[in-house]
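# An overview of the molecular structure
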Amino acid sequence: AQRVTQPEKLLSVFKGAPVELKCNYSYSGSPELFWYVQYSRQRLQLLLRHISRESIKGFTADLNKGETSFHLKKPFAQEEDSAMYYCALSPFQGGSEKLVFGKGTKLTVNP
Amino acid sequence: DVKVTQSSRYLVKRTGEKVFLECVQDMDHENMFWYRQDPGLGLRLIYFSYDVKMKEKGDIPEGYSVSREKKERFSLILESASTNQTSMYLCASNLGVGGNTEAFFGQGTRLTVV
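Reference entry: report on the structure contained in this document. Predicted, not measured: the structure shown is a model, and the values here were computed from it.

Cut-offs and rules
Residues numbered from 1 in each chain as written. Chains lettered and ligands numbered in written order. Predicted model: local features only at pLDDT ≥ 70, side-chain atom pairs only at ≥ 80, totals over all residues. Heavy atoms only, no water. Helix = DSSP H or I, 4+ residues; strand = E, 2+ residues; numbered from the N terminus. Buried < 20%, exposed > 50% of the residue type's maximum accessible area, 1.4 Å probe, protein only. Contact = heavy atoms within 4.5 Å. Areas by Shrake-Rupley, 256 points an atom, 1.4 Å probe, with all protein chains shown as cover. Pairing = 2+ DSSP bridges. Axes fitted to C-alpha atoms, helices over the stretch in contact; angles between N-to-C directions. Disulfide = S-S within 2.5 Å. Buried area = accessible area lost by both parts, 1.4 Å probe. Salt bridge = Lys/Arg side-chain N within 4 Å of Asp/Glu carboxyl O. Polar contact = N/O pair within 3.5 Å; in protein donor to acceptor, adjacent residues only side chain to side chain. Nonpolar A, V, L, I, M, F, W, Y, C, P; charged D, E, K, R; others polar.

## Re the overall build of chain B
Secondary structure summary: chain B contains zero helices and 11 strands in total. Listing the helices and strands of chain B from first to last along the sequence gives β-β-β-β-β-β-β-β-β-β-β. Burial statistics for chain B: of 114 residues in total, 51% are counted as buried. When contacts within chain B are restricted to residue pairs at least 6 apart in sequence, long-range pairs at least 24 apart make up 55% of them. Roughly 5300 Å² of accessible area belongs to chain B as shown, and the carbon and sulfur atoms make up 50% of that amount.

## Concerning the pairing of strand 9 (residues 87-94) of chain B
Where a strand is regular, its side chains alternate between the two sheet faces. Residues and elements named next belong to chain B. By the criterion of burial, strand 9 is predominantly enclosed, with eight of the eight residues buried. In strand 9, alternate side chains face the same way, and those of S87, Y89, C91 and S93 on one face and M88, L90, A92 and N94 on the other are all buried. Bridge analysis of strand 4 (residues 31-38) against strand 9 gives seven bridges, and the strand direction is antiparallel. What sits directly across from F33, in strand 9, is A92.

## A look at the sheet that holds strand 3 (residues 19-25) of chain B
All names here are of chain B. Ordered in space as 1-3-8-7, the four strands form an open sheet in which the pairing is antiparallel. Of all the strands in the sheet, the pair left with one neighbour each is strand 1 (4-6) and strand 7 (64-70). Averaged over all pairs of adjacent strands, the angle between strand axes in this sheet comes to 20°, irrespective of strand direction. In this structure, strand 7 lies alongside strand 8 (residues 73-78), joined through five bridges in antiparallel fashion. Residue pairing in the sheet places V66 in a bridge with L76 of strand 8.

## Section: the side chain of B:Q85
Note on placement: B:Q85 falls in the loop between strand 8 and strand 9. Among residues more than four places away in sequence, those in contact with B:Q85 are B:R36, B:E62, B:G63, B:Y64, B:L78, B:S80, B:L111 and B:V113.

## Comments concerning the state of the cysteines
Residue and element names in this part refer to chain A. Evaluated as defined, the whole model comprises two disulfides over all chains. A sulfur-sulfur separation of 2.0 Å characterises the disulfide bridge that pairs C23 with C87. Between C23 and C87 the sulfur-sulfur dihedral comes to about -65°; the bridge is accordingly left-handed. Of this pair, C23 sits in the loop between strand 3 (19-21) and strand 4 (24-26) while C87 sits in strand 9 (residues 83-90), and the two are 64 residues apart along the sequence.

## What about the interface of chain B and chain A?
Across the boundary between the two partners, chain B contributes 23 residues, which contact 20 residues of chain A. Taken together, both faces of the contact between chain B and chain A bury some 1900 Å²; the carbon and sulfur share is 51%. Three residues, B:L43, B:T101 and B:F105, lead the burial of chain B against chain A; their summed loss comes to 28% of the area buried on that side. The interface formed by chain B and chain A includes zero salt bridges. Across the contact surface, chain B and chain A share six residue pairs in polar contact (both at pLDDT 80 or more). Counting residues per element, the ones that place at least two in the side of chain B that touches chain A are strand 4 and strand 5 (42-51) of chain B. A total of five residues in the side of chain B that touches chain A trace back to one element, the largest contributor, which is strand 5 of chain B. The residue makeup of the side of chain B that touches chain A, split by class, is 10 nonpolar, 11 polar and two charged.

## Some words on the pattern of salt bridges
Once the charged atoms of two side chains with opposite charge are near each other, the side chains can pair. Applying the stated criterion across every chain, the model contains 10 salt bridges over all chains. A salt bridge links B:D28 to B:K71; the nearest nitrogen and oxygen atoms lie 3.1 Å apart. In this pair, B:D28 is assigned in the loop between strand 3 and strand 4 and B:K71 in the loop between strand 7 and strand 8, connecting sequence segments 43 residues apart. A salt bridge links B:K71 to B:E30; the shortest N-O distance between them is 2.9 Å. Of the two residues, B:K71 is situated in the loop between strand 7 and strand 8 and B:E30 in the loop between strand 3 and strand 4; the sequence distance between them amounts to 41 residues. Connected through shared salt-bridge partners, A:E20, A:K22 and A:K73 make up one network.

Everything listed here is a matter of coordinates, which is why it stays silent on function.
Here's what the structure looks like:
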């Protein structure tokens, strides 16, 4: 079975500090990994996916297959980064791509 | 611009009522999903559908059923609402073809069962 673990429910940092949101997964195959973000009173939206290898809003995430991790990082946090962050996994199973989420980490960036 | 629209933002229903939550997407997506979102529990998959009339159970299907008669519409049904089904319900869809799994979400329906 697929599982996504986000060990921190809450994470609080000061503006300008580095931030790392942890995500570990369990899946025997080759999944696709995502980070989704939900700002206050907005709908859940994609932040980034490991396939695209992009940096979005200063965030990056590297898939480490050896450690089965996909941690989200940003070198200098901003107050507008305060939001709920979810790590998600999609296992390729030939035509049916179920999307499984972690429990989420609430990030607060203090001024 | 992909649009996933849920029919209600807020619903209040009585225990034992049959409740329908509707979701419509306008981008011809193959896959559609229903999640419930609870503080500390994240998003838990209730059901998903990968084609018209096709469905699979997610992690917490008990007390729920779904219907997908048309590609663009995916309905979540609470057969007999109970107070422990008070939650935020999120609908999502993705293209699904060729491994394009980016999901687009609706605005959510906050259901309160009294």
